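Listed here are the chains, written in short residue letters.
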Amino acid sequence: GFAVLNDQRLTYVDLYGSTTLRNIIRNPHVAAVFWDDKAVDGWLFKGIATVHHQDEVYKQVIDRYVRAHHPEGWTPPPECRVVTIRITRVKRVKPR
């Protein structure tokens with residue numbers, strides 16, 4: 001899932017080199033919708049994605065991911081990447 005990296009960036013871990021990752025490499029302009037079924041409310045985030053591997057952002061996000069999901073320890077597969085999205089636009093998406 002997605003996590004907040006800071007006030008301007010979202011991030012997620014792509015474990016296996018998905019089609020989405022290949023699409024981001026071709027065109028980094030992305031959109032992500034977060035929807036809350038219970039509240040019937042959501043947000044659309046648009047931004048520019050960056051793929052990270054073995055840099056400081058990668059290490060920071062993977063460390064956070066391991067602490068949250070694998071406290072006993074874990075080594076990411078070689079194809080694992082971290083994607084950050086610099087948010088350029090936010091829009092509420094709530095039905096009327």
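In what follows, the structure referred to is the one given above.
The structure reproduced in this document is the subject of the present report. (Residues numbered from 1 in each chain as written. Predicted model: local features only at pLDDT ≥ 70, side-chain atom pairs only at ≥ 80, totals over all residues. Heavy atoms only, no water.)

## Some words on the environment of Pro76
- Mapped onto the secondary structure, Pro76 falls in the loop between helix H2 (56–69) and strand E5 (81–92).
- By relative accessible area, Pro76 is classed as partly exposed at 23%.
- Discounting residues that sit within four places of it in the chain, Pro76 has contacts with Tyr58 and Ile62. (Helix = DSSP H or I, 4+ residues; strand = E, 2+ residues; numbered from the N terminus. Buried < 20%, exposed > 50% of the residue type's maximum accessible area, 1.4 Å probe, protein only. Contact = heavy atoms within 4.5 Å.)

## As for a positive patch on the surface
- A cluster of basic side chains, namely Lys46, Arg89, Lys91 and Arg96, defines a positive patch on the protein surface.
- In this structure, Arg89 sits in strand E5.
- Given a relative accessible area of 46%, Arg89 falls into the partly exposed group. (Patch = residues over 30% accessible without salt bridge, like charges linked within 9 Å, V, L, I, M, F, W, Y side chains within 5 Å. Areas by Shrake-Rupley, 256 points an atom, 1.4 Å probe, with all protein chains shown as cover. Salt bridge = Lys/Arg side-chain N within 4 Å of Asp/Glu carboxyl O. Lys, Arg positive; Asp, Glu negative; His and termini not counted. Charge placed at Lys NZ, Arg CZ, Asp CG, Glu CD.)

## What to know about the nonpolar core
- Counting residues in each nonpolar core, the largest one holds 10 residues, listed as Leu5, Val13, Leu15, Tyr58, Val61, Ile62, Tyr65, Val66, Cys80 and Val82.
- With five residues, H2 is the largest single contributor of residues to this core.
- Non-local contacts of Val61, meaning those with residues more than four positions away in its chain, are made with Leu5, Thr11, Val13 and Val82.
- Listed in part, the seven residues of the second largest apolar core include Tyr12, Leu21, Ile24 and Ala49. (Core = buried A, V, L, I, M, F, W, Y, C linked by side-chain atoms within 4.5 Å.)

## A look at the sheet that holds E5
- Here we have five strands laid out as an open sheet, ordered E1-E2-E5-E4-E3, and antiparallel in their pairing. Taken across any chain shown, the strands that pair with only one partner, and hence form the sheet edges, are strand E1 (3–6) and strand E3 (29–36). Here the strands of the sheet are splayed against their neighbours by 40° on average, with no regard to which way each runs.
- Sheet topology note: the E1/strand E2 (residues 9–14) ladder contains three bridges and is antiparallel. Bridging from a neighbouring strand, Asn6 pairs with Arg9 of E2.
- This element, helix H1 (residues 19–26), spans E2, E3, strand E4 (41–52) and E5 of the sheet and lies at about 70° to E4. (Pairing = 2+ DSSP bridges. Axes fitted to C-alpha atoms, helices over the stretch in contact; angles between N-to-C directions.)

## Thoughts on the environment of Arg92
- Structurally, the position occupied by Arg92 is in strand E5.
- Classification of Arg92 by relative accessible area gives partly exposed; the value is 46%.
- Each C-alpha atom of the pair Arg92 and Trp35 lies 9.9 Å from the other, and the pair is 57 residues apart in sequence.
- Setting aside anything within four residues of it in sequence, one finds Arg92 in contact with Asp41, Gly42 and Trp43.

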